[in-house]
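Breakdown of the fold
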Amino acid sequence: MAIVAGVDFGTLSVRVTLVESVKGPIGTASASYPLHRRREDPDFATQSHADQMRALAEATREVLRTTGIAGTEVRAIALDTTGSSVIPVGEGLEPLDDYYLWCDHRAHSEAEEITQKAHALCFEGIDWCGGVYSHEWGFAKLLHWLRHNPEKRNQFVTALEHCDMVAATLCGVRTVAGLKRSVCAMGHKWMWNPKWGGLPPEEFLVAVDPLLKGVREKMGGDYLTSDHLAGHLSAEWADKLGLTAGIPIPVGAFDAHWDAIGSHIREGDVVNVVGTSTCIIAMAKEAELVPGVCGVVPGSVHPAYTGIEAGLSATGDIFDAVAKRAGTTVAALSEGLDAYKAGQTGLLRLSWDNGDRTVLVNPELGGVTLGWNLIHTAQDELFAAIEGTAFHTRIILERMAEHGVRVDRVINAGGIPQKSEVLNRVYANVLNKPVLVPAGVPTSLGSGIIALLAAGAFKTIEEAQAAVCLPLRTVEPDPKAAAVYEQLYRHYRAVYFALGRRNAEPAALGAVLPELRRIAAEVRRG
C-alpha cells in the first residue's frame, strides 16, 4: 500500500488529493488564489506565483488534517497546472512578473505574426499545432512581455511554464541547467518537437522579432515526459507542506491531460475536460496532423502515445457570465433547466465570449446569440449556451475524426459534468453518442496516478488506472432530442464558419432565424 499526493492547479484554486494505491482517492482539499483582471482590458489575466504556492501549502496541510494522514506517510507528490501559463524569471529562477495566465489574450498580434512568419518560411512546426499559432501559447506571450517590459529585459534569464515553475520551486532548482521541462507543455504550446531539434530554430525566432534573439538558448534544461522525475522535494518546501523531504516529484503536465488519465482514458476515447474552459483530449499510437487543433505531441498525455489536444476558450466562464448579468448564480439559474427540451428556446448561441481556441483559433471573435424575442429570459440563454458549447464540441470532434482520430467513447470529465446532468444530457443528444461521466470528481486523480508510478506502487499507467480510477456511468442520447439537434447543428455549423472566418464565402444565413423559430414551434407543439 502507498499513499501519494496529486495536485491540480486550476484557474482559481489548487486542489490536493491523497490517493491510496488500493482504495483510490481518500481525501481532498483546496485553497484559492486571486485572478487579476482589468475591466479596461478584457484580454488581461495574470496570477502571482507566491499566491499559488501559499495556497498549495494551505491545501496540502488541510488534506493531511482532515484525513488524519501523517505527512511522513506520503511517498510522492505530482502536479498539473493550467497552460500555457507563462512566467519570465531572472537569476535564481525568481519571478520577474506574474504569470501570463492561459486566459490572458493580450498576445493575439504576436501570435498572428508567428503564424504568418511560420507559413512564409515553411517552418514545419506550424503544421503540428494545427496551422495557426495561438494567442494562448508560450512564444506569443513571451514576445508580448519582452515588447512591453523593456526595463526588465536585461534581467531575463528564461521563461517557464506553470507546471515546470512549480516543480522547480518544490525541488529547490535555482538554475536553468537544473530544469526539467514538460514535453506536454513545451510540445503543445512552444512548438517543441525532436523532429526539428527541439524548439523552433534561432533564425525563425529572430525573423519573427529580433527581441527573440538568444531566447532559444535560454530555454535550457531537459525536456522530458512524465515518467521521469523533475527532482525531489526540498527541505524548505517539505516543511511548508508538512511532508517528508526527498520524496520524488515527477515532471509535471497540463491539467486537462492528466484529468484524462484520471478519467481512465484509453486509445479511442475523447475526454472533454469541462471547466472554466474546455480541453478536449485524445491519444493514439499513430496520429496524423489535424488542421486547427491545438497540437499533436508524442508523449504529452501518456508517454507511450501521441497526445491530441483541442478545446473551447470558455465554457463555465460563459455560464457564469450569463448568470452574473442576470444578478444571480449559475446554480440558481439552473433550477428548472431539466424541464427544457432540445431547441425549445429558439436561440442559437456561439461560445466565442473568450475567442475561439479550436478550430478557428481566432481571439477576435465574441459571443453571439441568434433568435432573441421580447420574452426570452436569462435561463433561456443559459440553456442555449449549454447547447452551444455542445455544438462547438461536435465541430471539434468531427474535425478530429476527419483526420484519423478515433472517437469510440466520449467521457465528460472536469468539474461541471459532476454538477450539471443537464449538460451531460445535452452533450449526449447533440453528439448522438453515449457520454460517460466519472462517478466523482477526477480532478487531481491523474496527478495521483503519476505520483503512484513515481512511488513505485505500479509499473504502468494502465495498472494504476485499473486500481484507482472512478467508475464511469453512461448517459444515453434520446433519439427524439438528437433528431432536433441534428437540424439545429446544420445551422450552427453554417453560422460558425460564416461568421468565424474573415474571408469566408457568403453563406446562406438568411434562413437561420426563420428556421430557429420553426424548430422551436415544433418542439413546443410536442
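Source: prediction; values computed, not measured.

Calculation rules
Residues numbered from 1 in each chain as written. Predicted model: local features only at pLDDT ≥ 70, side-chain atom pairs only at ≥ 80, totals over all residues. Heavy atoms only, no water. Phe/Tyr/Trp six-rings, centres within 6.5 Å; stacked < 30°, edge-to-face > 60°. Helix = DSSP H or I, 4+ residues; strand = E, 2+ residues; numbered from the N terminus. Buried < 20%, exposed > 50% of the residue type's maximum accessible area, 1.4 Å probe, protein only. Expected span 1.5 Å × (residues − 1). Polar contact = N/O pair within 3.5 Å; in protein donor to acceptor, adjacent residues only side chain to side chain. Disulfide = S-S within 2.5 Å. Salt bridge = Lys/Arg side-chain N within 4 Å of Asp/Glu carboxyl O. Contact = heavy atoms within 4.5 Å. Core = buried A, V, L, I, M, F, W, Y, C linked by side-chain atoms within 4.5 Å.

Before going further, it helps to spend a moment on the packing of aromatic side chains. Counted according to the given criterion, the structure contains 15 aromatic pairs. Ring centres 6.5 Å apart and planes at 25 degrees place the aromatic pair Phe 9 and Tyr 33 in the stacked group. Of this pair, Phe 9 sits in strand β1 (residues 3–9) while Tyr 33 is found in the loop between β3 (24–32) and β4 (36–38), placing the two residues 24 residues apart along the sequence. A single burial state applies to Phe 9 and to Tyr 33, both of which are buried. Taken together, the ring pairs in this structure connect Trp 352, Phe 391, Tyr 485, Tyr 489, Tyr 492, Tyr 496 and Phe 497 into an aromatic cluster.

With 19 residues, helix α1 (residues 49–67) extends 27 Å from end C-alpha to end C-alpha; this agrees with the ideal 27 Å at 1.5 Å per step. Within the sequence span of α1, burial applies to His 49, Gln 52, Met 53, Ala 55, Leu 56, Ala 57, Ala 59, Thr 60, Val 63 and Leu 64. The distance from a side-chain oxygen at the start of α1 to the backbone nitrogen of Ala 50 is 3.2 Å, and the residue carrying that oxygen is Ser 48. Trailing α1 by a residue or two, Gly 68 shows a phi angle of about 75 degrees, which is positive.

With an omega dihedral of 0 degrees, the bond running from Gly 83 to Ser 84 counts as a cis peptide bond. With respect to the helices and strands, Ser 84 occurs in the loop between β6 (74–81) and β7 (86–89). Geometrically, the link from Thr 358 to Val 359 is a cis peptide bond, its omega value of 10 degrees lying close to zero. For Val 359, the position within the fold is in the loop between β19 (348–350) and β20 (368–370).

Further remarks concern the state of the cysteines. Counted by the stated rule, this structure contains 0 disulfides. Cys 171 takes part in no disulfide bond, and the closest cysteine sulfur to it belongs to Cys 163, at a distance of 12 Å.

What follows deals with the pattern of salt bridges. On inspection of all chains with the given rule, the structure shows 26 salt bridges. Arg 406 is the partner of Asp 408 in a salt bridge, and the nearest nitrogen-oxygen pair spans 2.6 Å. By relative accessible area, which is 46% here, Asp 408 ends up partly exposed. A residue is classified by how much of its surface remains accessible, and Arg 406, at 45% relative accessible area, is partly exposed. Each of the salt bridges in this network shares a partner with another, and the network as a whole consists of Glu 110, Glu 113, Arg 147 and Asp 209.

What follows concerns the environment of Asp 97. Tracing the chain through its elements places Asp 97 in the loop between β7 and β8 (99–100). Note on Asp 97: relative accessible area 27%, which makes it partly exposed. For Asp 97 and Asn 272, which are 175 residues apart along the polypeptide, the C-alpha to C-alpha distance reads 32 Å. Excluding residues within four positions of it along the chain, Asp 97 makes contact with Ile 87, Pro 88, Trp 145, Asn 149 and Lys 152. For Asp 97, the side chain forms a polar contact with the side chain of Trp 145, separated by 3.1 Å.

Before going further, it helps to examine the nonpolar core. Counting 101 residues, the largest nonpolar core has Tyr 133, Trp 190, Met 400 and Tyr 496 as the members making the most contacts within it. In terms of residue count, the dominant contributor to this core is helix α13 (residues 378–402) (10 residues). If sequence neighbours within four positions are ignored, Tyr 133 has contacts with Ala 111, Ile 114, Thr 115, Ile 126, Gly 138, Phe 139, Ala 140, Lys 189, Trp 190 and Met 191.

Honestly, it's all geometry; don't read function into it.
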